[in-house]
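Chain residues, written in single-letter form:
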Amino acid sequence: MAETLNARFASARRNAILSEFGNLNADQLEAVAATQGPLLLLAGAGSGKTTVVINRIANILKYGRATDSSDVPADITDEDADALEYLALHPDPEWRKQRAPLMELEPAKPWQVLAITFTNKAANELKERLARMLGADVALDVWAATFHSMCVRILRRDVDAGGVWTRSFTIYDTADCQSLIKRIVKDLELDEKSFAPRQVMSAISRAKDEGTSPEDYADSASVAKDLRRRDIGRVYLEYSRRMRSANAMDFDDLIMQTVRMFTQFPHILQKWQHQFRYVMVDEYQDTSKLQFRLVSLLSGGHGNICVVGDEDQSIYRFRGATIENILGFDKQFKHTRVIRLEQNYRSTETILNAANAVVSENSDRLGKKLWTENGAGEPLSLHIALDERGEADYIALQMMKQQRAGLAFRDLAVLYRTNAQSLQLELAMKRSAIPYRVYGGTRFFDRAEVKDVVSYLAVTANPDDDVRLLRIINNPPRGLGAKAIETLVEIARAESLPIYEVLRNVLAYPELSRSAAKLASFTEIIEGFREKASTLRPDLLYDEILRGSGYIDMLDAKPSLENETRKENVLELKTSILDYVARNPDEPSLSAYLDEIALYTDMDKSDGSDDCVQLMTIHSAKGLEFPVVFVCGAEDGIFPGQRAIGEPEEMSEERRLCYVAFTRAKRKLYVTAAKQRMLYGKTMNNPPSRFLDSILGRQRE
DNA sequence: CGCACCACAATTTTT
DNA sequence: TTGTGGTGCG
């Protein structure tokens with residue numbers, strides 16, 4: 001008797017709760033309800049994935065595990081079950097509120113929910129949507145973050161346990177790391193041509209991803225008698241040393257050191273495992289091995305791990321992402337439930353068929369077929385122009401047509417494989433007077449002048465930051481010659497000290513006597529900033545730095561158009577500091593601001609407000625949608641790229657990239673190519689993309 | 001120390 | 001073709 005009441009109650013409870021999440025299809029509801037244990041959510045493009053993620057979190061926060069458990073309170077009655085059954089059918093808010101306690105089963109606190117996203121932008125959107133649903137106070141306490149920002153938060157609390165880094169460690173961006181590597185390659189007297197910073201860095205990055213230490217790396221090289229690997233191992237070792245000495249971490253370190261800390265100190269791991277009752281990872285198809293390790297560690301306490309992704313949209317292999325994570329999830333986590341979201345709400349049948357046709361040639365898939373109720377819609381337009389200029393003009397012409405037909409410019413997007421293709425498109429937009437915006441390209445924080453002034457801030461926060469210190473020690477010029485700086489660096493190396501330590505005791509080194517006065521005056525400037533940093537608000541400190549360093553004076557000294565732009569950028573940084581201060585009025589700190597800009601390249605003013613057509617690479621279009629999409633450069637050699645042809649793995653990724661490109665379109669898709677194209681000063685005659693054959697159902701021999 | 005000139009390379013990119 | 005980075009000269 002009690003048995004049936006309990007079952008009736010649990011089932012009614014589930015229905016009552018789910019009735020609150022209207023507008024979801026059966027699969028989506030299933031996903032929202034599945035709160036416990038490992039869950040693999042295969043969400044095709046345009047399948048309402050984000051909505052499901054938001055609602056699932058809301059369910060966890062409001063009702064805990066109630067929709068996924070047969071546990072019921074001991075003292076329930078038939079009336080209670082009746083009430084819930086009534087609620088499932090009659091969405092009366094008053095009633096619902098009254099009966100809420102009946103529906104709850106250990107609701108989670110906001111800070112017990114961890115939602116890892118691919119970008120900061122996505123994390124913010126998640127928080128905003130949660131705030132609208134549940135209130136800002138709840139949303140703010142949910143851990144919605146990228147892998148990197150989550151790790152920073154964790155490390156800032158606990159990293160000092162290891163005794164290597166302090167909690168005020170500095171984050172190096174890619175350019176900082178490359179300049180360090182370049183210096184090391186020089187110092188080790190390796191050939192700078194065959195050890196390009198870029199390549200060395202990606203080798204080191206791969207080693208870190210595989211959990212290989214510098215020592216192991218060098219060992220494996222000597223076993224294999226691989227000379228190049230041995231040398232890279234030497235660079236890797238020295239790189240790690242100097243990063244530690246500078247109290248700095250690169251992006252990979254943020255994750256690797258978190259994993260290391262967790263393995264080394266089980267009590268720290270347990271603390272975090274305990275905190276995160278629910279762990280969610282979005283864009284799981286683009287996670288790396290190291291990230292997988294981190295996810296398994298973090299979710300190892302409660303075992304509630306939900307990953308969301310689409311193996312057909314895995315497009316970041318070049319960056320260490322491994323599609324194996326999503327393909328093997330159900331083997332890594334026992335008793336995984338798999339839910340597929342295959343109904344597409346975004347595109348027409350025509351568009352989906354084209355996308356499916358291309359990606360269905362891949363073998364590394366879990367299998368999934370998108371379908372839609374949207375109907376066939378407009379036919380695809382394929383256009384092969386004479387050259388890239390003709391292609392761009394065709395696109396501009398079609399854009400004008402679409403606009404006359406009633407679409408806004410912002411509804412139109414051009415997607416290309418490589419940034420180099422944007423130039424001709426821009427020119428065509430200009431010729432046709434179409435307002436446009438190019439996404440990507442050089443970012444604000446990558447500009448030299450911005451890096452300079454940020455370096456002043458960074459050195460003020462952490463004077464052991466050698467890379468940034470070297471960037472500014474003679475910038476603006478202070479009469480320090482290359483040899484003086486070289487001597488300084490050598491002393492620091494010989495003594496295994498940060499450069500700044502040598503500077504502080506400059507008089508103790510006779511080799512530096514000739515430049516001692518100049519070095520001391522630099523040290524004095526920095527000391528002055530450091531003193532002020534403890535009392536001054538970051539924006540005021542910044543004013544002080546611009547003046548005290550002589551940077552603004554330097555720009556003013558030689559008025560030119562270029563220097564005007566630089567000054568604008570330097571002042572724009574102040575805007576960003578002020579913005580940070582406004583968002584953190586209680587305790588604005590310099591180091592927290594530096595964290596933010598290290599992890600936030602996305603200061604991009606995303607004005608959806610101005611009416612421009614949008615030009616971007618396919619990669620940066622991931623997650624976006626547009627009524628009309630132009631995919632250009634559909635030629636073998638461009639898309640798929642030359643490097644991918646003949647490489648099955650790479651070809652798979654290019655097909656997925658094509659799938660991503662096509663599924664951005666809601667109503668109409670254009671695919672264009674050029675018979676002849678100038679690239680890097682060379683004219684090439686590329687055949688039309690093999691992807692066109694897939695779309696048209698043709699075989700190529 | 002700054003500027004001019006030449007060589008050279010060059011998917012995709014967020015953190 | 002374009003941009004960047006290194007070298008050499010004034």
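Before reading further, recall that the structure is shown in the block above.
First things first, this report covers the structure right here in the doc. (Residues numbered from 1 in each chain as written. Chains lettered and ligands numbered in written order. Predicted model: local features only at pLDDT ≥ 70, side-chain atom pairs only at ≥ 80, totals over all residues. Heavy atoms only, no water.)

Looking now at the overall build of chain A. Scanning chain A for helices and strands turns up 32 helices and 15 strands. Here chain A has a C-alpha radius of gyration of 28 Å; the compact-globule value for 701 residues is 27 Å, and the two agree. Seen along its three principal axes, the alpha-carbon backbone of chain A occupies a region of about 90 × 70 × 55 Å. Each of the 701 residues in chain A was classed as buried or not, and the buried ones make up 52%. With the model as given, the accessible surface of chain A reaches about 32,100 Å², and the carbon-plus-sulfur share is 51%. Each charge sign in chain A was given a centre, from 92 positive and 102 negative side chains, and these centres are 3 Å apart. (Helix = DSSP H or I, 4+ residues; strand = E, 2+ residues; numbered from the N terminus. Rg over C-alpha atoms; globule rule 2.2 N^0.38 Å. Buried < 20%, exposed > 50% of the residue type's maximum accessible area, 1.4 Å probe, protein only. Areas by Shrake-Rupley, 256 points an atom, 1.4 Å probe, with all protein chains shown as cover. Lys, Arg positive; Asp, Glu negative; His and termini not counted. Charge placed at Lys NZ, Arg CZ, Asp CG, Glu CD.)

For helix α26 (residues 538-548), the full list of buried residues reads Pro538, Asp539, Leu541, Tyr542, Glu544, Ile545 and Leu546. Next to the buried residues of α26 lie α21 (448-461), α25 (516-533), α27 (551-557), α28 (561-583) and α29 (590-599). (Contact = heavy atoms within 4.5 Å.)

Once that is clear, we can look at the sheet that holds strand β8 (residues 337-341). If you walk across this open sheet you meet the six strands as β3-β2-β6-β7-β1-β8, and the pairing is parallel. Both outer strands of the open sheet, β3 (143-146) and β8, are each paired with one neighbouring strand and no more. Strand-to-strand twist in this sheet, taken as the mean axis angle between neighbours without regard to direction, amounts to 15 degrees. In the sheet, strand β6 (residues 278-281) pairs with strand β7 (residues 305-309) via three bridges, with the strands oriented parallel. Bridged to Val281 within β7 is Val307. Here helix α6 (residues 120-134) sits on the sheet and contacts β2 (113-117) and β3; the angle it forms with β3, its principal contact strand, is near 165 degrees. On top of the sheet, helix α15 (residues 289-299) reaches β2, β6 and β7; it is set at about 160 degrees to β6, its chief contact. (Pairing = 2+ DSSP bridges. Axes fitted to C-alpha atoms, helices over the stretch in contact; angles between N-to-C directions.)

Taken together, Lys182, Tyr680 and Gly681 make up the full set of residues adjacent to DNA strand C. Per the 4 Å cut-off to the protein, sugar and phosphate atoms form 33% of the nearby atoms of DNA strand C. (Near = heavy atom within 4 Å.)

On to the pairing of β2, then. Of all five residues in β2, five are buried, a share of seventy percent or more. Burial along β2 is two-sided: the face carrying Val113, Ala115 and Thr117 and the face carrying Leu114 and Ile116 are both buried. With four bridges connecting them, β2 and β6 associate as parallel partners. Bridge pairing in β6 links Leu114 to Val279. Pairing of β2 with β3 involves four bridges; the strand directions are parallel. Looking at β3, one finds that Thr117 is bridged to Thr146.

Here Ile384 is to be found in strand β9 (residues 381-387). Taking the C-alpha atoms as reference, Ile384 lies 57 Å from Arg167; in sequence the two are 217 residues apart. The contact partners of Ile384, leaving out residues within four places of it in the chain, are Ala673, Lys675 and Pro688.

On to the packing of aromatic side chains. If you walk through the whole model with that rule in mind, you get 16 aromatic pairs. For the pair Phe630 and Tyr670, a centre-to-centre distance of 4.3 Å together with 10 degrees between the ring planes defines the contact as stacked. Placement of the pair is Phe630 in strand β13 (residues 626-631) and Tyr670 in strand β14 (residues 665-679), with a sequence separation of 40 residues. Residue Phe630 shares its accessibility class with Tyr670, and that shared class is buried. Look at Phe639 and Phe691: their rings are 5.3 Å apart centre to centre, the planes differ by 80 degrees, and that puts the pair in the edge-to-face class. (Phe/Tyr/Trp six-rings, centres within 6.5 Å; stacked < 30°, edge-to-face > 60°.)

With that settled, consider the nonpolar core. In terms of nonpolar packing, the biggest core is built from 48 residues, with Ile57, Leu84 and Val113 touching the most fellow members. Per element, the largest residue contribution to this core is eight residues, and it comes from helix α3 (residues 49-63). Once residues lying within four places of it in the same chain are set aside, the contact partners of Val113 are Ile57, Ile60, Leu61, Ala108, Val142, Trp143 and Tyr278. Phe444, Tyr500, Phe522 and Tyr593 belong to the second largest nonpolar core, which has 47 residues in total. (Core = buried A, V, L, I, M, F, W, Y, C linked by side-chain atoms within 4.5 Å.)

This part takes up the pattern of salt bridges. For the coordinates displayed, the defined rule picks out 59 salt bridges. Two residues, Lys208 and Asp250, come together in a salt bridge whose shortest N-O distance is 2.6 Å. In this pair, Lys208 is assigned in helix α10 (residues 197-209) and Asp250 in the loop between β5 (248-249) and α13 (251-264), connecting sequence segments 42 residues apart. The same class applies to Lys208 and to Asp250, which are both buried. Through salt bridges with shared partners, a single ionic network connects Lys49, Asp282, Glu283, Asp286 and Lys622. (Salt bridge = Lys/Arg side-chain N within 4 Å of Asp/Glu carboxyl O.)

Moving on, we get to the side chain of Arg96. Mapped onto the fold, Arg96 is located in helix α5 (residues 93-103). Its relative accessible area of 11% is what places Arg96 among the buried residues. Looking at Arg96, its side chain comes within polar contact range of the side chain of Glu20, at 2.8 Å. Excluding residues that lie within four positions of it along the chain, Arg96 makes contacts with Ala16, Ile17, Ser19, Glu20, Tyr63, Leu87 and Met103. (Polar contact = N/O pair within 3.5 Å; in protein donor to acceptor, adjacent residues only side chain to side chain.)

A cis amide bond, omega 0 degrees, links Asn475 with the succeeding residue Pro476. Tracing the backbone shows Pro476 in the loop between α22 (466-472) and α23 (482-495). Residue Pro640 follows Phe639 across a cis peptide bond; omega there is 5 degrees. Tracing the backbone through its elements, the reader meets Pro640 in the loop between β13 and α31 (648-662).

Mapped onto the elements, Ala517 comes out in helix α25. Remark: the alpha-carbon pair of Ala517 and Leu237, spanning 280 residues in sequence, is separated by 35 Å.

One can describe the packing of helix α9 (residues 174-187) onto α10 by two numbers: an axis separation of 9 Å at closest approach and a directional angle of 105 degrees. If you check the angle between α9 and α10, you find them roughly perpendicular. Along its contact with α9, which presents Thr174, Cys177, Gln178, Ile181 and Lys182, the element α10 presents Pro197, Arg198, Val200, Met201 and Ile204. Residues belonging to the contact of α9 with α10 are distributed by class as follows: six nonpolar, two polar and two charged. (Parallel < 35°, antiparallel > 145°, perpendicular 65-115°, else oblique. Nonpolar A, V, L, I, M, F, W, Y, C, P; charged D, E, K, R; others polar.)

Summarising the element assignment, Thr322 is placed in the loop between β7 and α16 (324-327). A relative accessible area of 16% means that Thr322 is categorised as buried.

Bringing the layout of surface pockets into the picture now. Taken as a whole, the second largest pocket spans an internal volume of roughly 1,900 Å³. Around the second largest pocket, the lining is made up of 47 residues, and of these Lys127, Arg583, Asn584, Glu596 and Tyr600 lie nearest the centre. Mapped onto the lining of the second largest pocket, the elements with two or more residues apiece are α6, α7 (136-141), β3, α8 (147-158), α28 and α29. The element best represented in the lining of the second largest pocket is α6, accounting for eight residues. A breakdown of the residues in the lining of the second largest pocket according to their chemical character gives 18 nonpolar, 11 polar and 18 charged. (1 Å grid on protein atoms, 1.4 Å probe; cavity = no way out; pocket = protein on both sides within 12 Å on 5 of 7 lines; lining within 4 Å. Points joined across faces, edges and corners; volume = space filled by probe spheres on them.)

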